[in-house]
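# Coordinate analysis (summary)
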Amino acid sequence: MVMKLDDYLCPQMTLQEMAEGFMGSPSWSSIKADDGGSYVNLKGDITFHEKPVTALIQFKLNQDDTFEFQAFEINDVPQNMLIANALLTKMCSNKYGLY
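Residues numbered from 1 in each chain as written. Predicted model: local features only at pLDDT ≥ 70, side-chain atom pairs only at ≥ 80, totals over all residues. Heavy atoms only, no water.

## Considerations on the nonpolar core
M18, M23, I46, I57, F59, F72 and M91 are the most contacted members of the largest nonpolar core, which has 23 residues in total. Of all elements in the fold, only α1 (15–22), β3 (38–48), β4 (51–61), β5 (66–74) and α2 (81–93) reach the threshold of two or more residues within this core. Per element, the largest residue contribution to this core is five residues, and it comes from α2. Once residues within four sequence positions are removed from consideration, I57 is found in contact with M23, V40, N41, L42, F69, A71, F72, L87 and M91. (Core = buried A, V, L, I, M, F, W, Y, C linked by side-chain atoms within 4.5 Å. Buried < 20%, exposed > 50% of the residue type's maximum accessible area, 1.4 Å probe, protein only. Helix = DSSP H or I, 4+ residues; strand = E, 2+ residues; numbered from the N terminus. Contact = heavy atoms within 4.5 Å.)

## Details of the pairing of strand β2 (residues 24–32)
Pairing analysis gives seven bridges linking β2 to β3, with the strands arranged antiparallel. Considered in β3, the bridge of S30 is made with V40. Taking the residues that link successive antiparallel strands as the turn, the β2-β3 hairpin has five residues, and the phi of G36 there is positive, at about 90 degrees. (Pairing = 2+ DSSP bridges.)

Written out as structure tokens, the structure reads:
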């Protein structure tokens, strides 16, 4: 399966390309939640406010095999949508950059 976000967010890249171009040591895990939904967790190293941190981004698998953003944490602390959108936008524009 190609891990693709909803087309409006980052149509030119897969989630894997976004992760590998932005995070250090990205890893993936999947869960089946009590609500019956399938979720994918992406965990990796990033720099936030010039400090190394561990990021966890959760996506829900949609019926059309695209992924929808669900949650974002830095060092196990939940972040708001403003921070999450900034991160995803930067990940999408940073295809060949380093984290």
